[in-house]
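# Residue-level structure breakdown
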Amino acid sequence: MENKEKILEVENLCVSFHTYAGEVKAVRNVNFHVNRGETLAFVGESGCGKTATSKAIMRLWNPPFVEIKDCSSMKYNGEEIMDMDKKRLQALRGNEISMIFQDPMTSLNPTMTVGKQIMEGLMLHRHLNKEEARKEALNMLRMVKIPDPEKNLDAYPHQLSGGMRQRVMIAIALACEPSILIADEPTTALDVTIQAQILDLLSNLKKEMNTAIILVTHDLGVIANFADRVQVMYAGQIVERGTTQEIFTEAKHPYTWALLSSVPALAKENKQELYALKGTPPDLLLPLNHCPFAARCEYCMQICKEQNPMETELTGTHKVSCWLQHPDAPKVESFYDRRKK
Amino acid sequence: MGKYIIKRTFFAFLTLIAVVTITFFLMRSIPGDPLAGMARALPEETKQAFYAKYGLDKPLFEQYLIYMKGLFHGDLGESIRYAGRPVMKTIAETSPISGLYGGIALVLGTLTGVILGIVAALNKNRWPDYIVMFIAILGTTLPVFVLISLAQWVFGVKLGWLPPSGWGELKHMILPIAVSAFGSVATYARYVKASMLDTLDQDYVLTAKAKGLSDFQVITRHVLRNSLMPSVTIFAGSVVGVFTGAFVTERMFAIPGIGFYYISSINNNDYTMVLGTTVFYAVLFIVMQLVLDIVYTLIDPRIRVSGKK
């Protein structure tokens, strides 16, 4: 964390899905920044806006069904992404900001060799000719530790295992040495042993290339090992953010407590039943002018159902949006701490 | 690969035998015989002489064996209805006619259909899509004979631009080609649109986009090939359809193609002619399937037959 230069600043990001039922406000006024070379994790349950946010950064959503509202601002290296034209966006994607996706089984073109798929970006952004690109692609395969890279360069995706395919995806994404890599649940579709390998690989490459990573996940275990900072998302908003340390040891938001309590502890003497959060997230089709978590919160107060809490700054890095932080609010003991005892 | 082809050829051969056998016995189960349509009151001896000439007096199973033996020697027999005309010769004379105008129609129709399908998919829910789908629905729902009558009436009678029917000159080909191509356009436009929309939704298209490729590059490099593959499957049927599907077209335009003769031979209980034509169709179909399976392995690496490595 020696380098604190902000590579990406997102302000007031609002993403809406226009469905037959109406407008679903999937991301609501989200603010955050990413420093050069750090790993920022988004965590939250399905549908909380993690993927919507990360795809919005690359403007990968297709209008008119998905709309990034005009009020949003995303500055990459000081340059407004919202104002970029098609050409500039194409130069940005895969070159300055890359993305890897959840399911490596379907994210590669089945009729194109792995090598060609890696070469594509290199030829496009770094203007290499075929031979140079092939050489570079071979290097990339070595870098992501694919065995027998010469042979696998000409393999088709179906000839590789899931873990190998995700390595190929990483090779594609990192080929042009982007400043930011968005990893949208990169290990969700892989089995546990492979997950660890992929994460190790990512964190090594990150150090080598000084690439910032935005890690989207619902796996707290992944975050604990891997992220520098964490943002907890719920119903399209960031409810708590802080360093990984802060989130795991000093969480203040009841939703974060619920997330932490839902992780099985591997202690032998632990006979405690695993915590399950009751209820479902609010319907994002409906207007939401109060705390989104109010309906499921154990500590819900009158004010929680009436107004959305402001973000309270606890330390320079740790911020939480919860009425419990209000000076007049009762002091409560976290059920997460209670369960740990 | 060689082993695969040999295996496929063997099974193709079995299929062919099955087709011939079934057709043989089905034809014989139709009431009446080749004489029934010709003359009502033939003297009994004449009839018997006729049956004897074509071996129709022998037990059915023996006839079957004789036919199969001929088939293995490449002999499809002689038309029963038109004495002295070998079935093989009729097929050789009539199928190129069907193949000529049908082939042109297929190529034009398929190309147009594929292009329209792509246009429709890329403009989903906008006017080009609506127009293409209107054409496609018209093409699939309108019976061929209605379409043909309409074309003959408008271009042949009302406007007088083209001869409504007949064969021999270039101008005779235009209407049959247009009508036959229309069907292909409709089929392929719908098919390609559906598979293209499906492909556009695939994760790897997003990967391609996230790489920074332009829309045009994404489509030409990642979408087209994958979305045209399903169409290859129906192309086999279309090729055979050039010959078989032309029954109505050839009748109505009075084109002396193979479809024209197929229908009349069925009506006449011309056993050898029907069997011969069926064999021709079956061989064509089986060969096309085999060719397409091989083509398929070339364009889709996932079904490349084992033994590649």
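Residues numbered from 1 in each chain as written. Chains lettered and ligands numbered in written order. Predicted model: local features only at pLDDT ≥ 70, side-chain atom pairs only at ≥ 80, totals over all residues. Heavy atoms only, no water.

## Structural notes on the overall build of chain A
- The number of helices and strands found in chain A is 11 helices and 13 strands.
- Principal-axis analysis of the C-alpha atoms places the extent of chain A at approximately 70 × 50 × 45 Å.
- Looking at chain A as a whole, 54% of its 341 residues qualify as buried.
- For chain A, restricting intrachain contacts to residue pairs at least 6 apart in sequence, the fraction spanning at least 24 positions comes to 66%.
- For chain A, the computed accessible surface area is about 15,700 Å², with 51% contributed by carbon and sulfur atoms.
- When the 40 basic and 43 acidic side-chain charges of chain A are each reduced to a single mean position, those positions are 2 Å apart. (Helix = DSSP H or I, 4+ residues; strand = E, 2+ residues; numbered from the N terminus. Buried < 20%, exposed > 50% of the residue type's maximum accessible area, 1.4 Å probe, protein only. Contact = heavy atoms within 4.5 Å. Areas by Shrake-Rupley, 256 points an atom, 1.4 Å probe, with all protein chains shown as cover. Lys, Arg positive; Asp, Glu negative; His and termini not counted. Charge placed at Lys NZ, Arg CZ, Asp CG, Glu CD.)

## Observations regarding the overall build of chain B
- Along its length, chain B carries 12 helices and 0 strands.
- The secondary structure elements of chain B, listed N-terminal to C-terminal, are α-α-α-α-α-α-α-α-α-α-α-α.
- Each principal axis of the C-alpha distribution contributes one length, and for chain B these read about 85 × 60 × 30 Å.
- The proportion of buried residues among the 309 residues of chain B is 43%.
- A sequence separation of at least 24 residues applies to 73% of the contacts in chain B between residues at least 6 apart.
- Surface summary for chain B: the accessible area is close to 15,900 Å², and the carbon and sulfur share equals 69%.
- The averaged location of the 18 negative side-chain charges in chain B is 9 Å from the averaged location of its 27 positive side-chain charges.

## Things to note about a nonpolar patch on the surface
All names here are of chain B.
- On the surface, V144, F145, V146 and V248 cluster together into a nonpolar patch covering about 300 Å² of accessible area.
- With 3 residues, the single largest contributor to the nonpolar patch is helix α6 (residues 144-158).
- The topology assignment puts V144 in helix α6.
- According to the relative accessible area criterion, V144 is partly exposed, its value standing at 40%. (Patch = residues over 30% accessible without salt bridge, like charges linked within 9 Å, V, L, I, M, F, W, Y side chains within 5 Å. Salt bridge = Lys/Arg side-chain N within 4 Å of Asp/Glu carboxyl O.)

## Some points on helix α3 (residues 114-125) of chain A
Residues and elements named next belong to chain A.
- Judged by how many residues are buried, α3 sits mostly within the fold: 9 of 12 residues are covered.
- Within α3, burial applies to V114, G115, Q117, I118, M119, E120, G121, L122 and H125.
- Where α3 ends, the next residue or the one after it, H127, has phi of about 50°, a positive value.

## Some remarks on the domain arrangement of chain A
Residues and elements named next belong to chain A.
- Each domain of chain A was delimited in the assignment, giving domain 1 (6-227) and domain 2 (237-265 + 274-340).
- Each of domain 1 and domain 2 has a C-alpha centre, and the two are 29 Å apart.
- Each partner contributes to the interface: domain 1 provides 20 residues, whereas domain 2 provides 15 residues.
- Taking both sides of the interface into account, the surface hidden between domain 1 and domain 2 amounts to around 1,400 Å²; carbon and sulfur atoms contribute 61%.
- Looking at the side of domain 1 facing domain 2, the largest losses of area belong to R28, E45 and L220, adding up to 47% of the total buried there.
- Inspection of the domain 1/domain 2 interface yields 1 salt bridge.
- In this structure, the salt-bridge partner of R296 is E45, at a minimum N-O distance of 3.3 Å.
- Across the contact surface, domain 1 and domain 2 share 6 residue pairs in polar contact (both at pLDDT 80 or more).
- The set of elements that each furnish at least two residues to the side of domain 1 that touches domain 2 consists of β2 (22-35) and α8 (220-226). (Domains from an automatic or database assignment. Buried area = accessible area lost by both parts, 1.4 Å probe. Polar contact = N/O pair within 3.5 Å; in protein donor to acceptor, adjacent residues only side chain to side chain.)

## Re the packing of aromatic side chains
- Overall, the coordinates contain 19 aromatic pairs over all chains when judged by the stated rule.
- Residues B:F25 and B:Y64 carry aromatic rings whose centres are separated by 5.1 Å and whose planes lie at 40° to one another, so their mutual orientation is tilted. Taken together, the residues span a long stretch of sequence, with B:F25 in helix α1 (residues 2-29) and B:Y64 in helix α3 (residues 60-72) at a distance of 39 residues.
- Its relative accessible area of 30% is what places B:F25 among the partly exposed residues.
- Relative to B:Y281, the ring of B:F280 lies with its centre 6.0 Å away and its plane at 45°, an arrangement referred to as tilted.
- Look at B:Y281 and you get buried, because its relative accessible area is 7%.
- Put simply, the rings of B:F24, B:F25, B:F61, B:Y64 and B:Y67 touch in pairs and so form one group of aromatic residues.
- Across the ring face of A:W61, the terminal group of A:K55 is positioned such that the distance to the ring centre comes to 4.3 Å.
- A cation sits over an aromatic face here: B:R28 above B:Y271, 4.0 Å from the ring centre. (Phe/Tyr/Trp six-rings, centres within 6.5 Å; stacked < 30°, edge-to-face > 60°. Lys NZ or Arg CZ within 6 Å of the ring centre and 35° of its normal.)

## Structural notes on the nonpolar core
- By size, the foremost hydrophobic cluster in this structure holds 112 residues, and its most contacted members are A:L8, A:F32, A:I81 and A:I118.
- With 8 residues, the single largest contributor to this core is helix α6 (residues 162-174) of chain A.
- When we break this core down by domain, the ones giving at least three residues each are domain 1 (6-227) and domain 2 (237-265 + 274-340) of chain A.
- Leaving out residues up to four positions away in the same chain, A:F32 has contacts with A:L8, A:E9, A:V10, A:L40, A:F42, A:T53, A:I57, A:Q231, A:I238 and A:R241.
- Listed in part, the 35 residues of the second largest apolar core include B:L35, B:V239, B:F243 and B:Y296. (Core = buried A, V, L, I, M, F, W, Y, C linked by side-chain atoms within 4.5 Å.)

## With respect to helix α10 (residues 254-261) of chain A
All names here are of chain A.
- For α10, the buried fraction is high: 8 of the 8 residues fall into the buried class.
- What α10 keeps buried is the set P254, Y255, T256, W257, A258, L259, L260 and S261.
- Buried residues belonging to α10 abut β3 (39-43), α8, β10 (229-234), β11 (237-243), α9 (244-250) and α11 (335-340).

## Some words on the sheet that holds strand β9 (residues 212-217) of chain A
Residues and elements named next belong to chain A.
- Taken together, 8 strands build an open sheet; the order of strands is β7-β8-β9-β3-β10-β11-β13-β12 and the sheet is mixed. Every other strand in the sheet has two partners, leaving β7 (97-100) and β12 (311-313) as the edge strands with one partner each. Strand-to-strand twist across the sheet, computed as the mean angle between neighbouring axes with direction ignored, equals 20°.
- Of the strand pairs in this sheet, β12 and strand β13 (residues 319-321) are connected by 3 bridges, and their pairing is antiparallel. From the neighbouring strand, T312 faces β13, where its bridge partner is V320.
- Running at roughly 170° to β7, α6 makes contact with β7 and β8 (180-184) of the sheet. (Pairing = 2+ DSSP bridges. Axes fitted to C-alpha atoms, helices over the stretch in contact; angles between N-to-C directions.)

## Concerning the pairing of β7(A)
Residue and element names in this part refer to chain A.
- Residues of β7 alternate between two faces, with I97 and M99 on one and S98 and I100 on the opposite face, all of them buried.
- For β7 and β8, the ladder comprises 4 bridges, and the chain directions are parallel. Considered in β8, the bridge of I97 is made with I180.

## Quick notes on the interface of chain A and chain B
- The interface is formed by 28 residues belonging to chain A together with 24 residues belonging to chain B.
- Of the roughly 2,300 Å² buried between chain A and chain B, counting both surfaces, carbon and sulfur atoms make up 55%.
- Sorting the residues of chain A by area buried against chain B places A:P110, A:T111 and A:E120 first, and these three jointly supply 24% of that buried surface.
- In this structure, the connection of chain A to chain B is made through 3 salt bridges.
- With its nearest N and O atoms 3.0 Å apart, the salt bridge here joins B:D215 to A:K86.
- Elements with a contribution of two residues or more to the side of chain A that touches chain B: α2 (86-92), α3 and α6 of chain A.
- Residue contributions to the side of chain A that touches chain B peak at 5 residues, all from α3(A).
- Here the residues of the side of chain A that touches chain B sort into 11 nonpolar, 12 polar and 5 charged. (Nonpolar A, V, L, I, M, F, W, Y, C, P; charged D, E, K, R; others polar.)

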